[in-house]
Amino acid sequence: MATWLERFWKGLHVATETEFRDVTALTDVVEELASLRSSLHAAQPTRPFGRAVRLAQSMADSAVAMVESYMGALMAATPLGAQASAEEAQHALDELAELAGELADWLERQAKVSEAATVQESLWALVTDSMHAAGAESLLPMAQSNLEHLSSHLGIQPELDVAIDYGISSTFADIFLSHEAFQAKLELAFDVLSAGVPELDVMLRDAGFQSDLSRLQLEVFDSGVACQRSLAAALHVRQEARAVVELNATLVEAAGLVLGIPLMTAVAQKTASYATLRLKDASDHLRKAQNNDRIAAVFAGLDDHLRTAQAHRGVAYGDEALTTDLKSGGREYAYEGLVDSTFEAMESVLAGFCALRLACAIRGIDVAGESGLESLGLSPADVADFTFGAFGFPGRVVAVESDCLHVVLGADSMMGVTIAVGATLAAVRGDPFRSVRVELSDGAAWLCQMDLYSTFRAASDDFEKQVALMRIQAGWRSLERGTAWATSPVLRKWTATQVTETMSMDTHEKFKRLRLLRAFAEEEGESELAATIRRFVGWARLDLLGQQGGEPERRALEQILEWATSTVEFDLI
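This text gives an overview of the structure that appears in the document.

What counts and how
- Residues numbered from 1 in each chain as written.
- Predicted model: local features only at pLDDT ≥ 70, side-chain atom pairs only at ≥ 80, totals over all residues.
- Heavy atoms only, no water.
- Helix = DSSP H or I, 4+ residues; strand = E, 2+ residues; numbered from the N terminus.
- Buried < 20%, exposed > 50% of the residue type's maximum accessible area, 1.4 Å probe, protein only.
- Contact = heavy atoms within 4.5 Å.
- Areas by Shrake-Rupley, 256 points an atom, 1.4 Å probe, with all protein chains shown as cover.
- Lys, Arg positive; Asp, Glu negative; His and termini not counted.
- Charge placed at Lys NZ, Arg CZ, Asp CG, Glu CD.
- Axes fitted to C-alpha atoms, helices over the stretch in contact; angles between N-to-C directions.
- Parallel < 35°, antiparallel > 145°, perpendicular 65-115°, else oblique.
- Left-handed = near helix turned anticlockwise from the far one by under 90°.
- Nonpolar A, V, L, I, M, F, W, Y, C, P; charged D, E, K, R; others polar.
- Pairing = 2+ DSSP bridges.
- Core = buried A, V, L, I, M, F, W, Y, C linked by side-chain atoms within 4.5 Å.
- Patch = residues over 30% accessible without salt bridge, like charges linked within 9 Å, V, L, I, M, F, W, Y side chains within 5 Å.
- Salt bridge = Lys/Arg side-chain N within 4 Å of Asp/Glu carboxyl O.
- Phe/Tyr/Trp six-rings, centres within 6.5 Å; stacked < 30°, edge-to-face > 60°.
- Lys NZ or Arg CZ within 6 Å of the ring centre and 35° of its normal.

This brings us to the overall build of the protein chain. Along the protein chain, the regular secondary structure elements total 23 helices and 8 strands. In the protein chain, which comprises 573 residues, the share counted as buried stands at 45%. Long-range contacts, defined as pairs at least 24 residues apart, comprise 67% of the intrachain contacts of the protein chain with a sequence gap of at least 6. Surface summary for the protein chain: the accessible area is close to 27700 Å², and the carbon and sulfur share equals 51%. Computing the positive centroid from 48 side-chain charges and the negative centroid from 82, the protein chain places the two 9 Å apart.

As structure tokens, then:
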């Protein structure tokens, strides 16, 4: 477009300078534009370049409008008419520039993901794009933005990891698929899966279903990576087509089993258990789901005929199309249409996976399984590097030394370290680290034992998690001074504040929390604090009986109130 504009200005200049006696160059460039516009509007906006085609079509329309307006200005009967046409031409030119910038940005976004040298770089490009779309610099603000979107569109507020997963999937759809179609499929599938169907609830909690979901999510990812690598290395279009057909087969299996069965159960088309239904052919489940008007749109693009032909080696690859040969009949697939339909199938499966995670989230079911970052081929150190970067720590150096995660940060603050470490542990399998060491840019170094984070993850209710979080704060130790991040005054104030809040609680919850707080104080070596809580418990028991207690109980109450109202500065890391 830039070179065309240059030739247009030259042709227009020659025409006006010669009072339109020499319009050859101008005529050629205008005819070129007309031909280009015709060609673009004849092109189908197929995936993964649908947006590029639509933007290019709009650019051609704006260029034609600009040319017509400039011609109108040159041929206007009055100066006012010429001015009005010139303003219209400038408006069209501005619109053309805006569209060109949007197209360039979109192509750059796609290239960053598809041309990344490693899986880690590709994932990081997706995460970075997701954060940029949300106007965020790290994962937490991005997750909050996604939560707001999910709340307004679906009326739910899942956990942060589910919101992050949704944001990344949405970004992938925006770059490679049709974002509008992805969103429509997601909302349809989620609406169906949100139904209060007892058989569906049992199915989503079934260990066999969750295992298949985890396995097939990884298989779809692996097939996508293999397809991308094959396309990059292919020497002939036949090889590219073969890779796309392999990807379609994986998508059909995933859609038939872990999407088709629960969706058909939700609309009462299936009533048997998942263990029974999974023994049947995935293609059969897919065909039945696609024939159900309520859920058919979720399975658009998925082709069980092609999957069956591929499984029976009934596919012949030509130069421009492939043909299938089955007893049920043969078909011909032009390669351009095959690519679009396979990306549409990816769009359907991705939307279905997202809807499943959201439907499980509102039921309190965790289906993350083995599909974390480490399962995608990243080492524990890679996972840590990825996670710390996503949580807003630039200039980091991450290594694993023996069983210690060693992180050198380009910052002089520990703020945000706890959640980054927690997210790293959630994304790796097993317990690869026993401790974590963080070095700051000012030379300070801090060490924490990982079992404290494991205790936090295992905590069963909100208050237990609060106590476990404070154990982590107290567990960070300065390697230089040996002091804890959370000092004694901090621990006393926080614990005393929690004690005072028990005063208005029912008996069971009150004494449960007091036991936890006393144990916490003892574990942290705060003997005075633990003794004071013990005497406070005595006061609380007497208070239940309508008695005031003696001097020890009264002094314990006063001490708790004094600590709770003291002024102590502390930053939660």
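The next thing to look at is the packing of helix α16 (residues 380–390) against helix α17 (residues 417–427). In contact at an axis separation of 9 Å, α16 and α17 are set at 140 degrees when each is read in the N-to-C sense. Judged on the interaxial angle alone, α17 and α16 are oblique. The handedness of the crossing between α16 and α17 comes out as right-handed. From α16, V383, A384, T387 and F388 reach across to α17, where they touch A420, V421, A423, T424 and A427.

The contact between helix α11 (residues 237–266) and helix α14 (residues 304–311) brings their axes to 9 Å, and the two run at 115 degrees. The chirality of how α11 crosses α14 is left-handed. Along the contact surface, α11 presents V245, E246, N248, A249, V252 and E253, while α14 presents D304, L306, R307 and Q310. Grouping the constituent residues of the contact of α11 with α14 by class yields 4 nonpolar, 2 polar and 4 charged.

Spatially, 3 strands are ordered β1-β2-β3 in an open sheet, and the strand pairing comes out antiparallel. Both edges of this open sheet fall to β1 (315–317) and β3 (332–334), since each of them pairs with a single strand only. Adjacent strand axes in the sheet meet at a mean angle of 20 degrees, parallel and antiparallel pairs treated alike. The pairing of β1 with strand β2 (residues 321–324) spans 3 bridges and is classified as antiparallel. Across the sheet, Y317 pairs through a bridge with L322, a residue of β2.

Below, the discussion takes up the nonpolar core. Counting 78 residues, the largest nonpolar core has F299, L302, L322 and L338 as its most contacted members. Per-element accounting of this core gives the leading share, 16 residues, to α11. Leave out the neighbours within four places in its chain, and F299 touches A255, L259, G260, L263, L286, A289, Q290 and S348. Listed in part, the 39 residues of the second largest apolar core include A384, L425, V436 and L440.

A cluster of nonpolar side chains, F20, L74 and M75, forms an exposed patch at the surface whose accessible area comes to about 320 Å². For M75, a relative accessible area of 66% corresponds to the exposed category.

Further remarks concern the packing of aromatic side chains. The tally for this structure, following the rule as stated, stands at 11 aromatic pairs. Summarising the aromatic geometry, the rings of W124 and F386 are spaced 5.7 Å apart at their centres and angled 80 degrees between planes, so their arrangement reads as edge-to-face. Highlighted residues: W124 in helix α5 (residues 119–133) and F386 in helix α16, separated in sequence by 262 residues. When its relative accessible area of 28% is taken as the criterion, W124 is described as partly exposed. Using a relative accessible area of 7% as the deciding quantity, one classes F386 as buried. The rings of W4, F8, W9 and Y70 are connected pair by pair, giving a single aromatic cluster. The ring of W124 carries the charged tip of R396 above its face, separated from the ring centre by 5.8 Å. One Lys or Arg, K465, reaches over the ring of F456 and ends 4.7 Å from the middle of that ring.

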